[in-house]
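The chain contents come next:
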Amino acid sequence: MQSDSNFVFVLFGGTGDLSMRKILPALFEAHRAGMLNPAGRIVCVAREAWDQGAYRRWVEEHVKPHVSKDGLDDAVWRSFLERMQYVGLDLGRAEDFVLLRDTLAQYDGTRVFYLATGPKLFVPICRALSDVGLNQNARIVLEKPLGYDLKSSNAINDAVGEIFQEEQIYRIDHYLGKEPVQNLLALRFSNVLFEPLWRREWVESIQITIAEELGVEARGDFYDNTGALRDMVQNHLLQLLSIVTMEPPHSMDSDSVRDEKLRVLRALKPIDERDISRVAVRGQYHAGVIRGAAVPAYATEPGVRPDSTTETFVALKVEIDNWRWAGVPFFLRTGKRLADRVAEIVVNFRTVPHSALGANALRAGANRLVIRLQPNESIRLYCLAKQPGEGMNLASVHLDLAFDQFFKEGQMEAYQRLLLDVIHGRLALFVRRDEQEAAWRWVEPILNAWASGTSKPKPYAAGTWGPAASSAMLAQHGTCWLEEEN
Ligand code: BG6
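Quick caveat: nothing in here was measured; it's all calculated off a predicted structure.

Participant: Hey, could you run me through the environment of Trp442 in this one?
Facilitator: With respect to the element layout, Trp442 can be found in helix 15 (residues 433–452). The class of Trp442 is buried, set by a relative accessible area of 4%. As a C-alpha pair, Trp442 and Pro270 span 172 residues in sequence and 6.2 Å in three-dimensional space. With near-sequence residues (within four places) excluded, Trp442 lies in contact with Leu238, Leu268, Lys269, Pro270, Ile271, Leu316 and Val318.

Participant: Which parts of the structure should I look at to understand the side chain of Ser308?
Facilitator: Mapped onto the elements, Ser308 comes out in the loop between strand 10 (293–295) and strand 11 (313–318). By relative accessible area, which is 8% here, Ser308 ends up buried. One polar contact links Ser308 to Asp224, side chain to side chain, over a distance of 2.6 Å. At 3.0 Å, the side chain of Ser308 and the backbone nitrogen of Thr310 are in polar contact. Contacts of Ser308, omitting those with residues within four sequence positions, involve Asp224, Gln284 and Tyr298.

Participant: Looking at this model, I keep getting lost on empty space enclosed by the protein. Mind explaining?
Facilitator: With a probe scaled to a water molecule rolled over the atoms, the places where space remains empty come into view. One pass over the structure, following the stated rule, counts four cavities of 30 Å³ or more. Its boundaries defined by the atoms lining it, the largest cavity holds a volume of some 190 Å³. Elements supplying a minimum of two residues to the lining of the largest cavity: helix 9 (227–245) and helix 15. Among the residues making up the lining of the largest cavity, the classes are represented as nine nonpolar, five polar and six charged. Approximately 70 Å³ is the volume attributed to the second largest cavity. Taken together, Leu176, Gln182, Leu185, Ile243, Met252, Val257, Lys261, Ala428 and Leu429 make up the lining of the second largest cavity. When residues of the lining of the second largest cavity are traced back to their parent elements, those giving at least two are helix 7 (179–190) and helix 10 (256–267). Of the residues belonging to the lining of the second largest cavity, the class tally is seven nonpolar, one polar and one charged.

Participant: Just to check I follow, could you spell out the UniProt feature "domain: Glucose-6-phosphate dehydrogenase C-terminal" (unreviewed entry) in the chain for this structure?
Facilitator: Under the UniProt annotation, "domain: Glucose-6-phosphate dehydrogenase C-terminal" (unreviewed entry) lies at residues 185–481. Summarising residues 185–481: 32% helix, 24% strand, and an end-to-end C-alpha distance of 24 Å.

Each value, and the rule that gives it
Residues numbered from 1 in each chain as written. Predicted model: local features only at pLDDT ≥ 70, side-chain atom pairs only at ≥ 80, totals over all residues. Heavy atoms only, no water. Helix = DSSP H or I, 4+ residues; strand = E, 2+ residues; numbered from the N terminus. Buried < 20%, exposed > 50% of the residue type's maximum accessible area, 1.4 Å probe, protein only. Contact = heavy atoms within 4.5 Å. Polar contact = N/O pair within 3.5 Å; in protein donor to acceptor, adjacent residues only side chain to side chain. 1 Å grid on protein atoms, 1.4 Å probe; cavity = no way out; pocket = protein on both sides within 12 Å on 5 of 7 lines; lining within 4 Å. Points joined across faces, edges and corners; volume = space filled by probe spheres on them. Nonpolar A, V, L, I, M, F, W, Y, C, P; charged D, E, K, R; others polar. UniProt positions renumbered as here; feature names shortened; annotations may be inferred.

Encoded structure:
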């Protein structure tokens, strides 16, 4: 599929980590797949006073290692470099923005300004763009984290909102661009099988885990001022929760899905600060071993304060106050340096209301659906079956669906999908301001309680599944995390 939308993609933070690892490789993949208009230009902006040659050398050295080597053709790579142009720019110098405007004046097409910079720079960049008239007929992409709490996120949204209309603003949450997350919508809303059971009458509890083996890598300084609640829960986990629990949208247009997600976010049962220790667990990793290799404690990572109380693990019990979900516990969990890299959703169904097969039958378990988002996207449906032989003894068995056996090609990275959506003006997979506000509002009591209290994150050894308190929280509800069953 070749795009017919001409564009000029202006990447602020063009020499940063995100550009190097994600954004430029994703643009390259779209280019290689013939999905970008041949006339489309990529203008990279950063503060280094480099000429075109120096920037191309940087791309060659830092970006190329992050693109897939499968069928990497020199001519295609060169034609990608030819789309690119570098503009060195000092944010404090108005004349540099005049230069940027003059550079962009040579090109036709929709202007996309992608701010892959820290949030502190969002407003100054938007103002400077507006001062030279570059906010007209343009789209602006804002990377997370958008602010630090509700107040600071509102301040950014207010200021950006004075310069760009909401329909021009694309707030990225890369989880929404992941193929398996898209597939959740297909699973829920294109199969009659699940939807009638997808409610409090039949669902006992739901777990959503995003576990990482990686630590904070080179981002210690950023992470230490952020923590897992802001980095993963306020955005990725709450977005996943809302996709899992929302009502069927009327269509897939930009607002139908976002309206339904918003309803869920607004229906999250507010957390009372006095209840925090019952419904929220925070942890911080200590030294440990992952896949046979020793890894250091969080507090000794570069950029991290040695007495840091920043959480690298969060587990939460969440409730949704609406007819479909009242009373069903949702357990959300995320952490760095855990035992495995996995993102999955576990739907635990209730046992049958009456077992004609006797009490033993109920002991064998209940139906369960495990949706593995990454790695190796799959769906596993657990059922009860009779064990062969005499008597009626039941065992849990499963039906497996591994997506890579059905779809051999055509997979698209999250950033590639989202960048193409921006170029095409499709907003559905971007977070609307009201969703973001509702998510901040909900996490704020937890942030406040952790910031003001005297308690510290609970330690856990790297390479484990987090502090014991996380398992204890589920045990209070008569359940456990999926891996604890095996
Ligand atoms: C980012 C977080 O948004 O998501 C990172 O800032 C985290 O800390 C990353 O590692 C995880 O994304 P993925 O796609 O690797 O699961």
